[in-house]
Amino acid sequence: MAALRGPAGRFRWRVRAVPGGARGAAGQQCYDLLVIGGGSGGLACAKEAAQLGKKVAVVDYVEPSPRGTRWGLGGTCVNVGCIPKKLMHQAALLGGSLHDASHFGWEVAQPIRHDWRKMAEAVQNYVKSLNWGHRVQLQDRKVKYFNFKASFVNKHTVCGVSKGGKETLLSAEHIVIATGGRPRYPTHIEGALEYGITSDDIFWLKESPGRTLVVGASYVALECAGFLTGLGLDATVMMRSVPLRAFDQQMASLVTNHMASHGTRFLRGCIPLKVERLSDGQLQVTWVDLASDRKDTGTFDTVLWAVGRVPETGSLNLEKAGVRTSPDTQKILVDAQEATSVPHIYAIGDVAEGRPELTPTAIMAGRLLARRLCGQSSDLMDYDNVPTTVFTPLEYGCVGLSEEEAVARHGEDSVEVYHAYYKPLEFTVPERDASQCYIKVVCLREPPRLVLGLHFLGPNAGEVTQGFALGIKCGASYEQVMRTVGIHPTCAEEVVKLRISKRSGLDPTVTGC
Amino acid sequence: MSPGPVRGATPNRRLGSVRGVSVLSPPGRRARPSAPETSRLSSAAREELRRRLLDLIEGHRVVIFSKSYCPHSARVKELFSSLGVECNILELDQVDNGASVQEVLSEITHQNTVPNIFVNKVHVGGCDRTFQAHQSGLLQKLLQEDPAYDYDLIVIGGGSGGLACAQEAAILGRKVMVLDFVAPSPQGTSWGLGGTCVNVGCVPKKLMHQAALLGQALTDSRRFGWEFSQQVKHNWGTLTEAVQTHVGSLNWGCRLSLREKAVAYVNAHGEFVEHHKVKATNGKGQKTCYTAAKFVIATGERPRYLGIQGAKEYCITSDDLFSLPYCPGATLVVGASYVALECAGFLAGLGLEVTVMVRSVLLRGFDQEMAERLGSSLERLGVRFLRKFVPVAVLQLQKGSPGKLKVVARSTEGPETVEGVYNTVLLAIGRDSCTKGIGLEKIGVKINEKNGKIPVNDMEQTNVPYVYAVGDVLEGKPQLTPVAMQAGKLLARRLFGGCLEKCDYVNVPTVVFTPLEYGCCGLSEERAAQEYQRENLEERVVGFHILGPNAGEITQGFAAAMKCGLTKRLLDDTVGIHPTCAEVFTTLEITKSSGLDIMQKGC
């Protein structure tokens, strides 16, 4: 074993007993690489390895949600994450555009209403086309795909169970676990499992969820509540403590302020106690306000739990292979090479301990892993300065450190924050409120003031943030960013015009001309 | 003869007013033996240094050229210190080019020793003469002498660059005036303070672009489940009114901002009448003269008219479009500049019938592949292109708002002519610098006679040392609002703030706000291929181009990254933001030379 752990041994492909054979001794199928989980990371890894000439199989199986929702190949992002979420976000933004349009001369007769069924169908059809696209891509790259539920038999063998209950043994030199996670149900709350839904279901609802209570303060919770509000539904967010924990808290409160001013209701410092179904079919939720210890109730059509996600490690029989997980999170422990406690078994994506739960990181990690496994490169995935965007109605994009984290790492005296409240040009004509359009750049105080973090709240934050993330990757200093000429008139140009430091106490509101 | 300015009150007639603070010793710099330095300045470098020195002298109340170890210098410093006078001291033994400075200084003053003292631009002399002047009272007189000019700075032109410069100078404590006057367009359109960007450029154009995008959003929204009446019309009047209301508020904001910073604003046409003196003529024809130590020309450009029959009578330009009191109807856009394509794009987006007449290529100077793709995207929106035609006559068929115009056009390749009938003809064939009629010839400011533009050095200084220029009037510089603002602001800081930073015109990003936006930064593929060998093109990022929604927002960050030395490797190492358009740049794998299919597939 010790020899195998050496740098050379780790990546060498063991010579197989059956050359090029698809079947091993006991009718089991042998692969160079077996990927468990057909989400963003798993598929990227499988396709890359196949392209580099390896014999690869992907095992993917979607356990239906407690509400019975199921979906096709592609994992969370494609089916119940980024893609449908961004499309529904877009639907909500278009509702805003309809309102703006009249100010720009478009004469649209009232009433304007939104048809959930129509939107959901369009979104679902698009998702299905992506499912199909993934199938085709695997086929094109000669990756074997099994719609199996997988569990380990031993270090090199996995047992796949088909929907019909048929078992197949698959063995491989290298195994990548990329099973991701699923929404957590607060099962200790009476009625939670019975009556609540999660983000696994919301995008596949055929009918409008109606008046909705979203429980949780994660970005999933805020994004869902945001687009529901934007579509004209009554949405309430109940959170125990702070929104967007681990994100910059000033930005987080601006995000929720914006949502609150656009109609999302917030119940802060509250936890749900039980959910009951009333005779008219509505759900009555009882909660307690932690500060006053007062109980209260409300009725909703839908209760959406967005209280975190649990890794899909429970049914993998990891102990049979000796793969260790974190006792706290149940996530798989990995090293910088993405290797688990068993050197030829790897874990990438949301299932791996300590990794950002983001599609592009999983994809990049998967591809880099495949290249290393194929001896194409030794590059490791760099998990620092990963940009991300929260697609709330006013989008929040960020990369690098939050202000709190920067201060914690470098000390308050060493950190300078430049910031601005700005007004997007497009907001002027329809007289949209821009009081939460805010940017801050967190940098070291010592010249040339290395940029540690960038936070942008405003329209198209995702698009704005990407390039700056690159800049930070290039080691951008505040001076360099300021020397960049703006693009007029955009929101992004405000980033390169940040002149007011927080420390100065000056008014950071951008004024005209 | 030196073209420098001549002022009777100044004993040394060779003093100009060039600013070159870079010769000032940076604080904390260690002394360096400078004696052995032999000066072998090229004539260009000598001239530059001379201009910088003159500028330094002109820009400060007291300037002492000194050596840190010289006892005479020390005495003079003590004298000024005892008088409580702040002085600017350049220690010639502590700067790299001290010997050269001394050499040029002796040319200027015929004195080759230190200390060498200037008070209020007057050469006082060395240590002894300074003490004599102190005893005779001349020094006090020189020190007290009011600035001989009305202003420290007069900016001609109240656009982005001019206002940025004026305000920054005022923030730095200078007495500043802005002269701005908008000559009405041939169609009689006129506007307020703020220049092209605010009134007839970026701002109204982006708002009309947004209006067009919202039209697309209306169509999209049905697919996303929004339901409303099929009858959707666009009301041009509502749009122009909204746009003009916003522009009006910006005009007002500019006025206010000048007032807050105590910049004198005069709504009058400025024209040099002699050195350091302009004549300001207001709308009523009243004339007033003002003098200043320094001037900045920021008069910008105006749309060019074709010298053909009917052009001035019947055609409009971008000067008129954004406040046009009636819907332009079927429109012929003449030209293929970004202005032409942007206008064509939003007019088509608002549902109008649009034809673009192009003499040769689209978006000259931009990457031609991107330009052609942009052209195709416009065609898909229903914009018709008439390529390789130029208009030869515009005839009015019918008066009205809009009326009917017949346009006769001739092929650029043969005798073929075509005729078309339009409601509106918009000329967007280029812009001319507003450098005529402002008296530049009176003070000897050189312009490029071919294009009317003003050549400047890397300090935005014209050939006349106290006259600077920023913005669209500059020769060979990007014509963009943020560039003008940056240049203006930095110029003021160099002139009055002791700052050294020059405006960096390299890798300036820009965006064409056509319905499908085109953002770019750095070199076009053509230029890159010229400047670098093709095989070297795949590592350092020398050009960035994107055609797609929100290209403006996307391009900015990439431009910042290019400032930081972006490489392809770093692009690949950067994690994408999913799902965005911008993330595509982090996964670009296919090289053009490979010839592989570049259609994006799946996740």
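In every chain, residue numbers begin from 1 and rise along the written sequence. Chains and ligands are labelled by the order in which they are written, letters from A for the one and numbers from 1 for the other. Reporting in this predicted model follows two pLDDT cut-offs: at least 70 for local features of residues, and 80 or more for side-chain atom pairs to be given and counted; totals over whole chains, interfaces and linings ignore these cut-offs and use all residues. Note that the side-chain values use all heavy atoms of the structure and ignore hydrogens as well as water.

For chain B, an unreviewed UniProt entry supplies the name thioredoxin-disulfide reductase (NADPH) and the organism Camelus ferus. Its UniProt record gives chain B the following Catalytic activity (unreviewed entry) comment, quoted word for word: "[thioredoxin]-dithiol + NADP(+) = [thioredoxin]-disulfide + NADPH + H(+)". UniProt positions are given in the numbering used here, feature names are shortened, and annotations may be inferred rather than shown by experiment. Listed under Subunit (unreviewed entry) in UniProt, the entry text for chain B is "Homodimer."

Going by an unreviewed UniProt entry, chain A carries the name thioredoxin-disulfide reductase (NADPH) and comes from Camelus ferus. Turning to chain A, the UniProt annotation filed under Sequence similarities (unreviewed entry) states: "Belongs to the class-I pyridine nucleotide-disulfide oxidoreductase family."

Caption draft 1: Structural detail: the sheet that holds strand β1 (residues 62-66) of chain B. All names here are of chain B. Strand order across the open sheet formed by four strands is β2-β1-β3-β4, with mixed pairing between neighbours. The two strands at the open ends of the sheet, each matched to only one other strand, are β2 (88-91) and β4 (122-125). For this sheet the average axis-to-axis angle between neighbouring strands, irrespective of direction, equals 20°. For strand β3 (residues 116-119) and β4, the ladder comprises three bridges, and the chain directions are antiparallel. Across the sheet, residue Val119 finds its bridge partner in β4, namely Val122. Set on the sheet, helix α2 (residues 71-82) makes contact with β1, β2 and β3; between it and β1 the angle comes to about 160°. Relative to β4, helix α4 (residues 127-136) is tilted by about 105°, and along the sheet it contacts β3 and β4. In this description, strands pair whenever DSSP reports at least two bridges between them. Strands here are runs of E lasting at least two residues and helices are runs of H or I lasting at least four, both read from the DSSP assignment and numbered beginning at the N terminus. For helices, the fitted line uses only the C-alpha atoms of the stretch in contact; every axis is such a line through C-alpha atoms, and the angle between N-to-C directions lies from 0 to 180 degrees. Two residues qualify as a contact provided that any one of their heavy atoms is within 4.5 Å of a heavy atom in the partner residue.

Caption draft 2: Local environment of helix α11 (residues 359-373) of chain A. All names here are of chain A. Between its terminal C-alpha atoms α11 stretches 21 Å, which fits the 21 Å expected from 15 residues at 1.5 Å a residue. Type-normalised accessible area, obtained with a 1.4 Å probe on protein chains alone, sets the label of each residue: buried when under 20%, exposed when over 50%, and partly exposed for intermediate values. Of all 15 residues in α11, 14 are buried; the element is thus mostly enclosed. The positive-phi residue at the C-terminal boundary of α11 is Gly375, with phi of around 70°. Here the expected length of a helix is defined as 1.5 Å per residue gap, with one fewer gap than residues.

Caption draft 3: Here's a closer look at the pairing of β4 of chain B. Along β4 of chain B, one buried face is formed by Val122 and Val124 of chain B and the opposite face, lined by His123 and Gly125 of chain B, is buried too. If you look at the hairpin formed by β3 of chain B and β4 of chain B, you'll find two residues sitting between the two strands, and Asn120 of chain B has a positive phi there, around 45°.

Caption draft 4: Region of interest: the confidence of the model for chain A. What pLDDT conveys is the predictor's confidence in a given residue, as a value from 0 to 100. Averaged over all residues, the pLDDT of chain A is 93; the fraction at 70 or higher stands at 94%. Contacts for the low-pLDDT stretch residues 1-25 of chain A, under 50 throughout, to residues beyond four places or in other chains number 40 contacts.

Caption draft 5: Structural context of the UniProt feature "binding site: FAD" (unreviewed entry) in chain A. As recorded in UniProt, the feature "binding site: FAD" (unreviewed entry) lies at Lys86 and Asp350 of chain A. Topologically, Lys86 of chain A is positioned in helix α4 (residues 82-103). Taking the relative accessible area as the measure of exposure, Lys86 of chain A reaches 19% and is therefore buried. Other than its neighbours up to four places away in sequence, Lys86 of chain A contacts Phe391 of chain A together with Pro579 and Thr580 of chain B. Here Asp350 of chain A lies in the loop between β19 (345-347) and α11.

Caption draft 6: Representation of the environment of Cys202 of chain B. Positionally, Cys202 of chain B belongs in helix α8 (residues 202-223). A relative accessible area of 14% places Cys202 of chain B in the buried class. Remark: the alpha-carbon pair of Cys202 of chain B and Leu547 of chain B, spanning 345 residues in sequence, is separated by 19 Å. Apart from the residues within four sequence positions on either side, Cys202 of chain B is in contact with His488 and Pro489 of chain A together with Cys197 and Thr481 of chain B.

Caption draft 7: Representation of the interface of chain A and chain B within the structure. With 83 residues of chain A at the contact, the number on the chain B side is 82 residues. What counts as buried area is the accessible surface, traced by a 1.4 Å probe, that two parts surrender upon association, with contributions from both included. Interface area for chain A against chain B, summed over the two sides, is near 7300 Å², with a carbon-plus-sulfur share of 67%. Throughout this description, the term salt bridge denotes a Lys or Arg side-chain nitrogen within 4 Å of a carboxyl oxygen of Asp or Glu. In this structure, the connection of chain A to chain B is made through five salt bridges. Its salt-bridge partner being Glu227 of chain B, residue Arg113 of chain A comes within 2.4 Å of it at the nearest N-O pair. N or O atoms within 3.5 Å of each other form a polar contact, as long as, within protein, one can give a hydrogen and the other can take it, and as long as residues adjacent in sequence are counted only when both atoms are side-chain atoms. At the junction of chain A and chain B, the tally comes to 26 residue pairs in polar contact (both at pLDDT 80 or more). The dominant element in the side of chain A that touches chain B, judged by the number of residues it contributes, is α4 of chain A, at 14 residues. Classification used: nonpolar for Ala, Val, Leu, Ile, Met, Phe, Trp, Tyr, Cys and Pro, charged for Asp, Glu, Lys and Arg, polar for all others including Gly. Here the residues of the side of chain A that touches chain B sort into 41 nonpolar, 26 polar and 16 charged. Across three bridges, the pairing between strand β3 (residues 106-108) of chain A and strand β8 (residues 232-234) of chain B is antiparallel.

Caption draft 8: Highlighting the sheet that holds strand β24 (residues 510-512) of chain B. All names here are of chain B. Spatially, three strands are ordered β24-β25-β26 in an open sheet, and the strand pairing comes out antiparallel. Among the strands making up the open sheet, the edge pair consists of β24 and β26 (543-548). Pairs of neighbouring strands in the sheet enclose a mean axial angle of 15°, with direction left out of account. Relative to strand β25 (residues 517-522), β24 runs antiparallel, the two being bridged by three bridges. Paired with Val512 across the two strands is Tyr518, which belongs to β25.

Caption draft 9: Up close: unusual backbone geometry. Of note, the bond from Gln110 of chain A into Pro111 of chain A is cis; its omega dihedral lies within 30 degrees of zero at 0°. With respect to the secondary-structure elements, Pro111 of chain A resides in the loop between β3 and β4 (113-114). That bond from Ser401 of chain B to Pro402 of chain B is cis: its omega, 0°, falls within 30 degrees of zero. Tracing the sequence through the fold places Pro402 of chain B in the loop between β18 (389-398) and β19 (404-411). Its identity is not glycine, yet Glu431 of chain A carries a phi of approximately 55°, on the positive side. Looking at the secondary structure, you find Glu431 of chain A in the loop between α13 (425-428) and β23 (438-444). We note that Lys388 of chain B has phi near 60°; this positive angle belongs to a residue other than glycine.

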